[in-house]
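Residue-level structure breakdown
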Amino acid sequence: MAAMQRYSIFSLLRGALSGHRDWEPAWRAPEPKPSYDVVIVGGGGHGLATAYYLARNHGIANVAVLERGWIGGGNTGRNTTIVRSNYLLPENQRFYEHSLKLWEGLSRDLNYNVMFSPRGVINVFHTDAQRDYWLRRHNGMRYAGIDAELLTRADLARLVPALNLSPDIRHPIIGGVMQPRGGVARHDAVAWGYARAADALGVDIIQDCEVTGIDVEGGRVTRLQTSRGPIGAGRVGLAVAGHSSRLAEMAGVRLPIETHLLTATVSEPVKPFIDTVVSIAATHAYVSQTDKGEVLIGGSLDGYNSWSQRGSPARLEDILASASEYFPRVSRLRQLRHWAGVMDMSMDGSPIIAKLPVEGLAMTGGWCYGGFKATPASGWCLAWTLANDAPHTLNAPFSLERFRTGAVLDENGAGPVAWGH
Amino acid sequence: MLLIPCPFCGARDETEFAYGGDAGVERPTDPEAATDEAWTDYLCFHDNPKGPHRELWFHRDGCRRWLEVERDTWTHELGAVRLSRP
Ligand SMILES: Cc1cc2nc3c(=O)[nH]c(=O)nc-3n(C[C@H](O)[C@H](O)[C@H](O)COP(=O)(O)OP(=O)(O)OC[C@H]3O[C@@H](n4cnc5c(N)ncnc54)[C@H](O)[C@@H]3O)c2cc1C
Ligand SMILES: [Zn+2]
C-alpha cells in the first residue's frame, strides 16, 4: 500500500506547478476480499470514523466499510452540521465533550481540513420558563467544566446584529445562552477525511455495496450477504442511521428506534450577515450561514414515520416562517434547495452505541437529529467496543438494555415517543 | 403534504392531525400484572417498516376522533382509513 500523499501548503504549491494534474485519488476503490476481521456497514461519518479508529487506536486494519450508495451520501451529507456539547445529563456531557475535543484536533489528526469552525452556538428563549430551563442546562455544563454563557438582549444585539429583537413580535426574545466552542464543520469533508485516513491505514472502502442479509450461526455473526456477494466477518459494526432497525432485523434484533423525516433548506448565497449558529426556542428553527454564503435553515421533525427522504411542504413553511420572523431579511431570499434525511429516532432521544444480543455484532445508531456532532466520538467508541468486545465507560450508558432496565437517558424528559425528542 | 381522508370530515391536510404512531401496539390490559418485558415492548419496541404501516392519527383540528390509517412509509400512499376503537 502506497503511503498517503500528505496535504500541505507545499503539496498545494507543487500541485499548482504541475497544473493540478498529479493528485492521487484520496482513497482506493478495492474489490471486496472474501472476509475481514471487522466489517462496518454504512459509509457515513460514523462508519468511516469507526474504521479509522479501529486501525489507528486498536491496530485492527483488516477492515472493510460497506456503503450501498456513495460515502457521505446519507445523513452525513444532508445535515446542518451543528457541533456542540451543551447537554444536561452527565452521560451525554461526557460523551459529547469527548466528541468536541476530538473535533478540535480533527483536521490535524486526519491531515484533512474538515473546516471545523467554533463560531458559537446560541439558543434564544422567550419566556421565564424557557430561560430557567436553559440556565439550568448551562449551569450544569459549567459545573461539568464545559464552556457556557448567559446572553442578555444587549449581548445578542452585539453578537447577532441581524436578529429581530423587537418587543412587538409574537414571541419576543428575552435572552439567550451560548456555547462558544460549539460551531459548524464541512459535512462532506468529514466523510472524505475519515475515508482517506482510514484507507491509508489499510481499510477497504467499498461503495455501491448494499448489505442484504446478516448470517448468524450458533448465535454468532459470521457473514454478510451483499449486492457484491457474501463477505465473511469476524465482527460487524452497524452504522446505518435511519436504516438501523432494518439492519438489526436482518440479525433478528428488534430496536427501540423509529425512522422519521427531518427537513432542511438553503437559500441563494448572500454576503455574510450571521457568524454564529442561532436556534430559536419558540419555533424550533435554527439558522446559520455556510462558507458559500447560503443561509442554512433547519427545524423540527415532520412528525410521522417515513423513509421517503422527502420533507413535507408544511414543515418547510414552518421553518421559513420562523426564520423570516427572527431574521426578517430571510423573507426576501430565494430558497435554492430543500431536502430531508431519514432520522433514527430512539425512544429516549439518546443513541445506542453498544453490543447487540448476537455475538460479534455491535452498532451505533439512534442518533435522532443530532448525530453529526457525535461522529468522532461515536466512531471512537464503536471501534473500542468492537476491538475489546466490551463498551468503553464513555458509551457503556448508551446500551440497548437500558430500555428494559429503565436507565434511560431522556435529556428532554419527553417519554418514550420517538418523534417527541 | 398528506391529505388524510377522515371518515367524518373528508380529505384534510396533515397539519390538522396529530400523529399517534404504530397502531399495532397493545397496552397490557392489566398493567399491575404485566411483566417488565411486556411493558417495555409496549412502550419502546414498535414496528418500523419501510413500506405499509398501520398507524394512529388524531383529528385534532376537526372531529377529534382517533383514526387508524394505512400508509406506506416509503411512498406515502394512503390506504384504508377507519375509526380507531374507542
Ligand atoms: C436535515 C438534517 C439536519 C441535521 N442537522 C444536524 C446538526 O445540525 N447537527 C448534528 O449533530 N446532527 C444533525 N443531523 C443528524 C446527522 O446528520 C446524523 O445523525 C449523522 O450524520 C448520522 O451519521 P451516520 O454516519 O450514522 O449516517 P449516514 O451518513 O446516514 O450514513 C449511513 C450510511 O449507511 C448506508 N446504508 C444504509 N443501509 C445500508 C445497507 N443495507 N448496506 C450498506 N449501506 C447502507 C447509507 O447509504 C448511508 O450512507 C441532521 C440530520 C438531518 C437529516
Ligand atoms: Zn375528522
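Refer to the structure above for everything that follows.
Summarised in this report is the structure supplied together with it.

Analysis parameters
Residues numbered from 1 in each chain as written. Chains lettered and ligands numbered in written order. Predicted model: local features only at pLDDT ≥ 70, side-chain atom pairs only at ≥ 80, totals over all residues. Heavy atoms only, no water. Helix = DSSP H or I, 4+ residues; strand = E, 2+ residues; numbered from the N terminus. Buried < 20%, exposed > 50% of the residue type's maximum accessible area, 1.4 Å probe, protein only. Contact = heavy atoms within 4.5 Å. Near = heavy atom within 4 Å. Polar contact = N/O pair within 3.5 Å; in protein donor to acceptor, adjacent residues only side chain to side chain. Areas by Shrake-Rupley, 256 points an atom, 1.4 Å probe, with all protein chains shown as cover. Nonpolar A, V, L, I, M, F, W, Y, C, P; charged D, E, K, R; others polar. Domains from an automatic or database assignment. Donors = N, O, S within 2.8 Å, 3.2 Å for Na, K, Ca; no water.

**So, the overall build of chain B**
- Looking only at helices and strands, chain B features one helix and six strands.
- Across chain B, helices and strands are ordered from the amino to the carboxyl terminus as β-β-β-α-β-β-β.
- Dimensions of chain B, computed from the C-alpha atoms along their principal axes, are close to 40 × 30 × 20 Å.
- The buried share of chain B, taken over its 86 residues, is 36%.

**Section: the environment of Pro269 of chain A**
Residue and element names in this part refer to chain A.
- Note on placement: Pro269 falls in strand S12 (residues 257-269).
- Using a relative accessible area of 49% as the deciding quantity, one classes Pro269 as partly exposed.
- Taking the C-alpha atoms as reference points, Pro269 and Arg315, 46 residues apart in sequence, are found 22 Å from one another.
- Not counting residues within four places of it along the chain, the set of residues in contact with Pro269 comprises Lys292, Gly293, Glu294 and Leu336.

**Some points on the site of ligand 1**
Residue and element names in this part refer to chain A.
- In the vicinity of ligand 1 lie 38 residues, with Glu67, Asn75, Thr76, Thr80 and Lys373 positioned nearest.
- Between an oxygen atom of ligand 1 and a main-chain N or O atom of His46, the distance comes to 3.0 Å.
- One of the backbone nitrogen or oxygen atoms of Ile82 is found 3.0 Å away from an oxygen atom of ligand 1.
- Compared with its free state, where it exposes 1,000 Å², ligand 1 has 96% of that area covered by protein.
- For the shell around ligand 1, the elements supplying multiple residues, two or more each, are helix H2 (45-58), S12 and strand S16 (335-346).
- Broken down by element, the residue count for the shell around ligand 1 peaks at three residues, all from S12.
- When grouped by side-chain class, the residues that make up the shell around ligand 1 number 17 nonpolar, 16 polar and five charged.
- Here the shell around ligand 1 gathers at least three residues from each of two domains, domain 1 (31-85 + 87-112 + 186-256 + 348-420) and domain 2 (121-180 + 259-346).

**Brief notes about the coordination of the zinc ion (ligand 2)**
All names here are of chain B.
- Each protein donor to the zinc ion (ligand 2) is listed here as Cys6 (SG), Cys9 (SG), His59 (ND1) and Cys63 (SG); together their distances run 2.0 to 2.4 Å.
- Donor residues binding the zinc ion (ligand 2) come from one chain and are separated in sequence as C-x2-C-x49-H-x3-C.
- Residue His59 is classed as buried on the basis of its relative accessible area of 0%.
- The class of Cys63 is partly exposed, set by a relative accessible area of 25%.

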